[in-house]
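# Structural overview
Below, each chain spelled out in residue letters.
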Amino acid sequence: MSSSDPVLRVERLASAWDGVPVLRDVSFDVAPGELLSLLGPNGSGKTTLLRCLAGLERPTSGEVWVRGTNVSRWPTHRRGIGWMSQEPALFPHRSVLENVAYGPLLARRSEGDVRAEVGRLLELLRLVGFEDRRPDQLSGGERQRVALARTLAARPTLVLLDEPFASIDVELRSGLRAEFRRVLRELGIAAIHVTHDREEGLFLGDRVGLLFDGRLERLGRPREVYERPDSVRSARLLGYNVWREAGGPIAVLPRHVRIGPAGTGRRPASIVAAGDTGAESLTIVALADGSRLEVRSPDPVSGARTVGEPVGIDWADAVELPEPPAPAKEPKNGRTLRGP
Ligand code: ADP
């Protein structure tokens, strides 16, 4: 195989719980050194997908290839796939150094080799000086850095990151994301990162995929995916306002909606709430059909906005969306509770 062959190839993966589909026909590749983010709402199948890739769950159909080899029937420990989740699984009574060195020592690598590699990883993750601390003597962010060092010490071909920053304080999160991205890039390790956090997915991924109901709907560069949503649900997940115009549904970013006096603009609306976040103003308005729109602006909220106040709105850069599929019909006399 050549150096540009994919590190991972997922072909038509499907999975189900009690006959209910959780993953449907999911196919994608991960290139060497690539960071792929999968963004999806809760319950869309992100963790199930990672578990299938790691061999912790058996898909109902489909194949997983790592570096050109079909590993679909291989056990977890032979796949060369590292895993890191929201709650780092560190040994509580062992030091940082012991936690990071545990895997390589177990793999019977020479002590000198392990020392050199662990030292390099601790340096890369800015953990020098923390070697003797136990996990309970670390902050949440430091624990996640140790967890990444431990995952990388096993020299995985690919790393799976399952919402790794979800329990980190918001003000530390963006720094830690940037840190993870830098380390993976420096080591040239490919990774799949899953999250329900739009900003995180778009920031981290070289490419980003959108997952809904177990289906991969979009896969592309973050800017392409963000600027051209192609369904009502992907537009909503990406933070667009979605409402109906005569020609069908449209998507407009909150910063592209303008509020003017009643009688101006293209649509009448009324104020639902208005406030200032410090960095920008956020106003919620309702259209006559009940749709609620978020309006964000770097300018402070103009005038004294009162709830119910009539206004007019205008917008720019609308993306036209296809009609969403009709919801599945409820069966006639459908009963949902089963008796004992
Ligand atoms: P996500 O990680 O995107 O939140 P999951 O992969 O955890 O989604 O779950 C996808 C779907 O599979 C959900 O509908 C969830 O209810 C279902 N599911 C997950 N684990 C189980 C389980 N152990 N038993 C039954 N259903 C499950």
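All values reported here derive from a predicted model rather than from experimental measurement. (Residues numbered from 1 in each chain as written. Predicted model: local features only at pLDDT ≥ 70, side-chain atom pairs only at ≥ 80, totals over all residues. Heavy atoms only, no water.)

Computed from the structure, the largest pocket encloses a volume of approximately 760 Å³. Lining the largest pocket we find 28 residues, and of these Ile-81, Gly-82, Trp-83, Thr-151 and Ala-154 sit closest to its centre. At the level of elements, β6 (81-85), α2 (96-106) and α4 (140-153) are the ones that each hand at least two residues to the lining of the largest pocket. Looking at side-chain class alone, the lining of the largest pocket contains 16 nonpolar, eight polar and four charged residues. The calculated volume of the second largest pocket comes to roughly 280 Å³. Along the walls of the second largest pocket sit 15 residues, with Arg-198, Gly-239, Pro-254, Glu-294 and Arg-296 positioned nearest its centre. For the lining of the second largest pocket, the element with the highest residue contribution is strand β16 (residues 292-297), accounting for three residues. (1 Å grid on protein atoms, 1.4 Å probe; cavity = no way out; pocket = protein on both sides within 12 Å on 5 of 7 lines; lining within 4 Å. Points joined across faces, edges and corners; volume = space filled by probe spheres on them. Helix = DSSP H or I, 4+ residues; strand = E, 2+ residues; numbered from the N terminus. Nonpolar A, V, L, I, M, F, W, Y, C, P; charged D, E, K, R; others polar.)

Most of strand β15 (residues 281-287) is tucked away, with five of its seven residues classed as buried. One ladder, built from seven bridges, connects strand β14 (residues 267-276) with β15; its direction is antiparallel. Within β15, the residue paired with Ala-274 across the bridge is Thr-283. Counting the residues that bridge the hairpin from β14 to β15 gives four residues, and of these Gly-278 lies at a positive phi of roughly 100 degrees. Bridging between β15 and β16 involves six bridges; their strand directions are antiparallel. Pairing of Leu-282 across the sheet is with Arg-296, part of β16. Two successive antiparallel strands, β15 and β16, enclose a turn made up of four residues, where Gly-290 displays a positive phi of approximately 95 degrees. (Buried < 20%, exposed > 50% of the residue type's maximum accessible area, 1.4 Å probe, protein only. Pairing = 2+ DSSP bridges.)

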